Amino acid sequence: MSDESTHVLLIEDNPGDADLVRLRLVESRPSIEVSCFNRLSAGLSSLSEKPPSVILLDLNLPDSHGAETFRKVLEKAPDVPIVILPGQDDEALAMKALHQGVQDYLVKGSITRGELDRAMRYAM
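Small disclaimer: the values here were computed from a predicted structure and weren't measured.

A.B. asks: Honestly, the side chain of E12 in this entry has me stumped. Any pointers?
C.D. replies: Mapped onto the elements of the fold, E12 is located in the loop between strand 1 (7-11) and helix 1 (15-28). Given a relative accessible area of 3%, E12 falls into the buried group. A polar side-chain atom of E12 sits 2.6 Å from a polar atom in the side chain of K108. When residues no more than four places from it in sequence are discounted, the contact partners of E12 are D17, A18, C36, F37, N38, D58, L61 and K108.

Right under this line is the structure:
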């Protein structure tokens, strides 16, 4: 994964969680570009402006919830890897997401820089 060409689309409505994820990303890759949106609709609209290398996605947003959220992203951006970052562990939902095309599933509150870096490398 080249830092120069890595653009991350982060769709997260909680400012504290967004800051934490952004911090984890730049700890290991200072030159990474992160675009953050707090609504799914805004994140999806941004896809045509600057296609991301990977999408980091919260599942519970003001305008979308649960499995519906990743399904909408898969439909709109089928060739972009997706790593789901839910607030709580839900093994059934994780398995469903992985079987439907999501690359990885990491619970936000417990992710480390290394786990996030690994998930992005494998996804891309």
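There is more to say, and it comes next.
A.B. asks: Help me understand the packing of aromatic side chains in this model?
C.D. replies: Here the distance between the centres and the angle between the planes together describe a pair of aromatic rings. Tallying each qualifying case throughout the model produces zero aromatic pairs. Seen from the ring of Y122, R121 lies directly overhead, with NZ or CZ sitting 6.0 Å from the centre.

A.B. asks: Looking at this structure, how should I read the nonpolar core?
C.D. replies: Generally speaking, a soluble globular protein has its nonpolar side chains buried in company with each other. Core analysis: the biggest nonpolar cluster contains 23 residues, and I55, L57, F70, I82 and I84 have the highest contact counts within it. Secondary structure elements with two or more residues in this core: strand 1, helix 2 (40-46), strand 3 (54-57), helix 3 (67-76), strand 6 (82-84) and helix 4 (91-100). When residues in this core are grouped by element, the largest group, four residues, is from helix 3. Filtering out sequence-adjacent residues up to four positions away, I82 remains in contact with I55, L57, V73, L74, V102, Q103 and D104. Counting 17 residues, the second-largest nonpolar core is a separate cluster that includes V34, V83, L85 and L116.

A.B. asks: Just checking my understanding: could you explain the pairing of strand 2 (residues 33-37) for this structure?
C.D. replies: Looking down a regular strand, the side chains alternate between one sheet face and the other. Relative to strand 2, strand 1 is paired through five bridges, and the arrangement is parallel. Looking across to strand 2, one finds that L10 is bridged to C36. Handedness of the strand 1-helix 1-strand 2 crossover: right-handed.

A.B. asks: In this structure, what is going on with helix 4? I would like to understand it.
C.D. replies: Because the α-helix completes a turn every 3.6 residues, residues three or four places apart line up on one side. Taken together, the buried positions of helix 4 are occupied by L93, A94 and A97. What you see down the axis of helix 4 is that its buried residues fit within an arc of 100°, all on one side. Projecting away from the buried face of helix 4 at angles above 90 degrees are the exposed residues E91, A92 and H99. Those residues of helix 4 that are buried are in contact with helix 3, strand 6 and strand 7 (104-105).

Rules and cut-offs
- In every chain, residue numbers begin from 1 and rise along the written sequence.
- Residue-level local features of this predicted model are given only where pLDDT is at least 70; pairs of side-chain atoms are given and counted only at 80 or more, and the full residue set underlies all totals for whole chains, interfaces and linings.
- The basis for every side-chain value is the complete set of non-hydrogen atoms in the structure, without hydrogens or water.
- Secondary structure elements follow DSSP: runs of H or I no shorter than four residues count as helices, runs of E no shorter than two count as strands, and numbering proceeds from the N terminus.
- Buried means the residue's accessible area, taken with a 1.4 Å probe over protein chains only, is under 20% of the maximum for its type, while exposed means over 50%, and partly exposed covers the values in between.
- For this analysis, a polar contact is any N or O atom pair within 3.5 Å, provided that within protein one partner can donate a hydrogen and the other can accept it, and provided that sequence-adjacent residues contribute only side-chain to side-chain pairs.
- Here, two residues are considered to be in contact whenever any of their heavy atoms come within 4.5 Å of each other.
- Any two rings among Phe, Tyr and Trp, with Trp reduced to its six-membered ring, count as a pair given centres within 6.5 Å; such a pair is stacked if its planes are under 30 degrees apart, edge-to-face if over 60, and tilted if neither.
- Counted as over-ring charges are cases with an Arg CZ or a Lys NZ within 6 Å of the ring centre that also lie within 35 degrees of the ring normal.
- Throughout this description, the term nonpolar core refers to a set of buried Ala, Val, Leu, Ile, Met, Phe, Trp, Tyr and Cys residues connected via side-chain atoms within 4.5 Å.
- The rule for pairing is simple: two strands pair if DSSP sees at least two bridges between them.
- Handedness rule for crossovers: strands pointing away from the viewer, path from the first strand over the helix to the second running clockwise, crossover right-handed.
- Taking the helix axis as origin, the arc is that swept by the directions to the C-beta atoms.

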